[in-house]
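Take a look at the letters that make up each chain.
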Amino acid sequence: MVYNSAAELCEGFGYPPVHVKLTIEIIDKRLGPVKGEAEIAIKPVKAKGYLEVLVEELESEHIFADENGSIYGSFGIDQSIQIYDEVLTTIPFEEIMGNENWKETVEESITADKLKEQLEKSLNDYQFSDLSGKYKFRKRCRITELQFID
């Protein structure tokens, strides 16, 4: 199907969510690899004139690391990573409207390499809380493995 207008695209657009399994490496010697799953959705935003590629939900397994004890030590962690409704990238309507191969355009933005890169940015912006819940901090993260789930 070819979409010829923004209204047609917003009313008729449908692309199934993409599910992925992740292995996340948090740069912290107290932690090993962390497993997680994410659901990626592609939704039209008529007011802005683009499709959003967004993380509808990303959740990791529970992460625990004790506090280091010294004033210069690391904060403790006792939580899982949870990211909801965060936009990874956008696709302008102009790239979709009038294009018979619009699915290819969408699929180019959700390749394993692109998702890995975009999800790493989200993970690196994620704010952990210390054990008391008083302090927020970030940890550098890398995705070492990303698999699509059917």
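Keep in mind that what you see is a predicted model, and the values were worked out from it rather than measured.

> Honestly, the overall build of the protein in this entry has me stumped. Any pointers?
Along its length, the protein carries three helices and nine strands. Computed over C-alpha atoms, the radius of gyration of the protein comes to 18 Å, more than 25% over the 15 Å expected from 2.2 N^0.38 for 150 residues, which places it beyond the range of a compact globule. Projecting the C-alpha coordinates of the protein onto the three principal axes gives extents of approximately 60 × 30 × 20 Å. Looking at the protein as a whole, 39% of its 150 residues are labelled buried. Within the protein, contacts between residues at least 6 apart in sequence are counted, and of these 62% link residues at least 24 apart. When the accessible surface of the protein is summed, it comes to about 8,800 Å², and 45% of that surface belongs to carbon and sulfur atoms. Looking at the protein, you have 17 positive and 29 negative side-chain charges, and the mean spots of the two groups are 7 Å apart.

> Whenever I open this one, the nonpolar core confuses me. Can you help?
Of all hydrophobic cores here, the largest spans 39 residues; its most connected members are Ile-26, Ile-40, Leu-51, Leu-58, Ile-81, Val-106 and Leu-119. Elements with a minimum of two residues in this core: strand S1 (18-26), strand S2 (34-45), strand S3 (50-60), strand S4 (63-65), strand S6 (82-92), helix H2 (102-108), helix H3 (112-125) and strand S9 (141-149). At five residues, S1 tops the list of elements feeding residues into this core.

> Got a minute to help me understand the pattern of salt bridges in this structure?
When the charged atoms of two side chains lie near each other, side chains of opposite charge can form a pair. According to the stated counting rule, one finds five salt bridges in the structure shown. In this structure, Arg-30 engages Asp-28 in a salt bridge whose closest nitrogen and oxygen atoms are separated by 2.6 Å. Across the salt bridge formed by Glu-56 and Lys-43, the nearest N and O atoms sit 2.5 Å from each other. In this pair, Glu-56 is assigned in strand S3 and Lys-43 in strand S2, connecting sequence segments 13 residues apart. A cluster of three or more residues bridged by salt bridges with shared partners is formed by Asp-28, Arg-30 and Lys-139.

The rules behind the values
- Each chain carries its own residue numbering, running from 1 in the written order of its sequence.
- Predicted model: local features are reported for residues with pLDDT of at least 70 only, side-chain atom pairs are reported and counted for 80 or more only, and whole-chain, interface and lining totals are derived from all residues.
- Excluded from the side-chain calculations are hydrogens and water; all other atoms, namely the structure's heavy atoms, are used.
- Secondary structure elements follow DSSP: runs of H or I no shorter than four residues count as helices, runs of E no shorter than two count as strands, and numbering proceeds from the N terminus.
- Throughout, radius of gyration means the C-alpha value; the globule benchmark is 2.2 Å times the number of residues raised to the power 0.38.
- Buried residues are those whose accessible area, probed at 1.4 Å on protein chains only, stays under 20% of the maximum for their type, while exposed residues exceed 50% and partly exposed ones sit between those limits.
- Throughout, a residue-residue contact means that at least one pair of heavy atoms, one from each residue, lies within 4.5 Å.
- For the area figures, the Shrake-Rupley method with a 1.4 Å probe applies, and any residue is considered shielded solely by the protein chains shown.
- Under the counting rule used here, the positive set is Lys and Arg, the negative set is Asp and Glu, and His together with the chain ends is not counted.
- Lysine's charge is taken at NZ, arginine's at CZ, aspartate's at CG and glutamate's at CD.
- Only buried residues count toward a nonpolar core, which is a set of Ala, Val, Leu, Ile, Met, Phe, Trp, Tyr and Cys residues joined through side-chain atoms within 4.5 Å.
- Any carboxyl oxygen of Asp or Glu within 4 Å of a side-chain nitrogen of Lys or Arg constitutes a salt bridge here.

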